[in-house]
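Take a look at the letters that make up each chain.
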Amino acid sequence: MVNEPTKRFEMTRVRRVANAFVSGLVKYGLGTPATHLLTTRGRKSGFLRTIPLDVLDSDRGRFLVSPYGEVDWVRNLRKDGFATLRQGGWIELVSVRELGPEEAGPLLREYVNHPRAAVVGPYFEAPPDAPDEAFAAEADRHPVFEIVRSTTIRI
């Protein structure tokens, strides 16, 4: 059996429309419990950038996982180390720390094995039943950030 190549992320018009739709739902508290609006400051422009993103709630803590690789929000977070997460009328200011491969491997495996992550499976080389080491090998292509500190306010 030949392995299919992993899918490459592209921000298409359909994805932009879907993100806008999901963002509208989450803004009013109608999304899934895991889905938040992540807002980062652009590392070059300084403008605020917002996208819908699922937060991985694990028994190890709370994490932001990039299923599509080193996208803009990842580069922005690496520069600043903080962002906001919004869900309905709640905004959470978070500080993050990027995890190394050994720490990220089990979390990537947990992320891929969650039912809501079925859409992102093709972006990973490791199949859902692969060992943690296979996912650790993918950590450079799928950054994981631990939420280390947060403050929540009601708007």
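See the structure shown above.
Residues numbered from 1 in each chain as written. Predicted model: local features only at pLDDT ≥ 70, side-chain atom pairs only at ≥ 80, totals over all residues. Heavy atoms only, no water.

Q: Go over the packing of aromatic side chains, please, and point to the residues and values.
A: What the rule picks out here adds up to 3 aromatic pairs. Note on Y68 and Y123: the rings are 4.8 Å apart at their centroids and 85° apart in plane angle, and the pair reads as edge-to-face. Of the two residues, Y68 sits in the loop between strand 3 (61-65) and helix 2 (72-80) while Y123 sits in the loop between helix 3 (101-112) and helix 4 (132-136), which places them 55 residues apart along the sequence. Judged by its relative accessible area of 8%, Y123 falls in the buried class. Between W73 and F145, the ring centres sit 6.0 Å apart and the planes meet at 55°, which makes this aromatic pair tilted. Within this pair, whereas W73 is found in helix 2, its partner F145 is found in strand 6 (residues 144-154), the two being separated by 72 residues in sequence. Residue classification places W73 among the buried positions, given a relative accessible area of 7%. Residue classification places F145 among the buried residues on the basis of a relative accessible area of 2%. (Phe/Tyr/Trp six-rings, centres within 6.5 Å; stacked < 30°, edge-to-face > 60°. Helix = DSSP H or I, 4+ residues; strand = E, 2+ residues; numbered from the N terminus. Buried < 20%, exposed > 50% of the residue type's maximum accessible area, 1.4 Å probe, protein only.)

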